[in-house]
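# Structural characterization, general
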Amino acid sequence: MISQSFIQELLSRVDVVDVIERDVPLRKAGTNYTACCPFHSEKTPSFTVSPTKQFYHCFGCGAHGSAIGFAMEYNGMSFVEAVNDLAARVGLQVPAQPAEFPSGTGGSGSKPGLQQSIQQGKEASSRDLLEVMDVAARFYREQLRHSESAVAYLRQRGLTGKTAAHFGIGYAPSGWQNLGGAFSGYEAKVQKNLLVEAGLAIENADGNCYDRFRDRIMFPILNLKGTIVGFGGRILAQGEPKYLNSPETPLFQKGRELYNLFAARRAIREAGRVIVVEGYMDVVALFQHGIEYAVAALGTATTPFHVQKLLRQTDDVVFCFDGDNAGRKAAWRALEDSLAQLGDGKSISFLFLPEGEDPDSYVRNFGKDAFEELLKQTVPLSVFLFRELSARVDLKTSEGRAKLVQDAKPLLAKVIAPGLALMLLKKLAEISGLSQRELEDLLKIRRVSASVSRERAPRPKPASPYRWLLQVLLYDSTYIGKLDRELLTQDEEYDEEVAALAALVEFIDTHPNTGGNTAIPSATAYFHDSPHRMLLEKAESQTLAWDSGINVEAEFAGAMARLHEMRRKQRMTKLHSKSLSTLTPEEKQELQRVVVS
């Protein structure tokens, strides 16, 4: 891992404004800079860059980070690649990193801390598992070079070496225990636990381990941070399953990840749309023919999480399926999962390929221009919805039209976009022969005025003192010396905020040179793989409203006073919950003090 001291030095030398302005035109707005967000479509600028605090934040989509984060998000780099790129810009030499794992020739370079934790029965951390996935990916890529059959298969599918390298494609050799060779410097128990927990090996009833992926072309699956969290394997010989994915692990949930989304983000923004296909090879073939804005679901139906991720990247999502019955069923499932995610101004449509074709075969047979010409013939979600529902009934009969209305009811109930809901209702009225008012009564759809909506909107919950302290420390880390740490104990109501504050305090303690303007970006970089990342980023973004006239001392004192008062009330409630006879003399005295204080 790259040391935090180097990250701090790098971020102190790099200006986030200069980094972002290379790709995004910025406009001065007071002490900050603004622009239309490069990570989602918008007409009014909500993307803010702070030169004093050295981070960016979008109030529209929530994109947030330091110069390193921008290089990762905008240019599709991994964390290490972003650090190397920025270091090269300012003439810094990234320190050579020690080997993460032994190369297989002995025990040198092993990680005794990780071995000890697993031997003691503890699970490997996410960071440990990510390192395991990286080692496995390198092993599979190396094996591809030595497999004539695997290389011949990729050539037969039309892939070039450059394309294979871009996607990090590898090969898992046949045999039952090949992968262990990449981890041979570890003791057997440590090796087994690592590979099983990462989903790379399977433990049978006898306690023996064997490789999950055998004689398969391997496709690494990256999350939105650019780290490998799983693999997809396509079998070379005959056998089932044809495609095999990593199982659910602490790193990987296939219902939340999309193949190639990390690398395709820039192309998606430039094209203004994304194509969702069914297979890895479809994505790879489209890329090789110049269509770089395609992603794929991972051996499962499209989920609401997939749709959410895609609509954050672009306003135009195209689902591409085979034109057969299975393709139409898959498209219908995608439609059902999209209704609740679709907002006004967003578009979801469907492209059905000619019978017998998939994106891979079509683009190889007819080329990029022909495929993109098909994109002009996509079927909008609203058209597909009523076309499918109408095909299931006889619209010539009253019974058929009544059935259509009933079938549409649960689907329309999912729609949250007011404009789209109204248009769908009008279309249903047109097809069914009922008036819009009759449909509203029949489907129990009520019109809610804007004033009623405002009245019913829940009031925002006031910031907790923990969130307040997070903001102060992210704004000025020197207040760590005035923090009463005895108050940072478990609080069920604010568990997440207490944990995030404790993590930030630990970070500042262990990196005392993070004072001044480097505190925020270096913390952001440090927590980029942390479960506290989102909470810290949100707290950090709220400090953008703090101008030079803010009294940070008063903010800090107010947060501490409120926290003291909260703890006093919690203690008083606990003491009052006990009967007087069960209180110890010390507790009775404490209760007296608490009441009068």
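To be clear, the structure that these remarks concern was listed above.
Residues numbered from 1 in each chain as written. Predicted model: local features only at pLDDT ≥ 70, side-chain atom pairs only at ≥ 80, totals over all residues. Heavy atoms only, no water.

Structurally, leucine 420 can be placed in helix H17 (residues 418–432). Look at leucine 420 and you get buried, because its relative accessible area is 17%. Spatially, the C-alpha atoms of leucine 420 and leucine 339 are 9.7 Å apart, while their sequence positions differ by 81 residues. Setting aside anything within four residues of it in sequence, one finds leucine 420 in contact with Leu342, Asp344 and Val415. (Helix = DSSP H or I, 4+ residues; strand = E, 2+ residues; numbered from the N terminus. Buried < 20%, exposed > 50% of the residue type's maximum accessible area, 1.4 Å probe, protein only. Contact = heavy atoms within 4.5 Å.)

Moving on to the pairing of strand S9 (residues 216–222). Counting buried positions along S9 yields 6 of 7 residues, so the element is predominantly enclosed. Pairing of strand S6 (residues 170–172) with S9 involves 3 bridges; the strand directions are antiparallel. Its bridge partner being in S9, alanine 172 is matched across the sheet by arginine 216. Two strands pair when backbone bridges link them, and S9 and strand S10 (residues 228–235) are joined in this way by 7 bridges, in the antiparallel orientation. Across the sheet, the residue bridging to proline 220 is phenylalanine 231, located in S10. Connecting S9 to the antiparallel partner S10 that follows it, the hairpin turn spans 5 residues, and glycine 226 within it adopts a positive phi of roughly 85°. (Pairing = 2+ DSSP bridges.)

Let's shift gears to the packing of aromatic side chains. Each aromatic ring pair is specified by the distance between its two centres and by the angle formed by the two planes. Counted by the stated rule, this structure contains 25 aromatic pairs. A network of ring pairs unites the aromatic residues Phe167, Phe219, Tyr243, Tyr259, Tyr280 and Phe287 as a single cluster. Above the plane of the ring of tryptophan 332 lies arginine 392, whose end atom (NZ or CZ) is 4.4 Å from the centre. (Phe/Tyr/Trp six-rings, centres within 6.5 Å; stacked < 30°, edge-to-face > 60°. Lys NZ or Arg CZ within 6 Å of the ring centre and 35° of its normal.)

The next point concerns helix H23 (residues 533–542). Among the 10 residues of H23, 7 are classified as buried, and the element is accordingly described as predominantly covered. Residues of H23 that are buried include every one of Arg533, Leu535, Leu536, Glu537, Ala539, Glu540 and Ser541, and no others.

Time to look at the side chain of threonine 249. Here threonine 249 is to be found in the loop between strand S11 (243–245) and helix H10 (261–271). Note on threonine 249: relative accessible area 12%, which makes it buried.

Moving on to the packing of helix H16 (residues 398–414) against H17. Viewed as axis vectors pointing N to C, H16 and H17 meet at an angle of 170°, and their least axial separation amounts to 10 Å. With respect to each other, H16 and H17 are oriented roughly antiparallel. Between H16 and H17, the contacting residues are Arg401, Leu404, Val405, Ala408 and Leu412 on the first element and Leu424, Leu425, Leu428, Ile431 and Ser432 on the second. Split by residue class, the contact of H16 with H17 holds 8 nonpolar, 1 polar and 1 charged. (Axes fitted to C-alpha atoms, helices over the stretch in contact; angles between N-to-C directions. Parallel < 35°, antiparallel > 145°, perpendicular 65-115°, else oblique. Nonpolar A, V, L, I, M, F, W, Y, C, P; charged D, E, K, R; others polar.)

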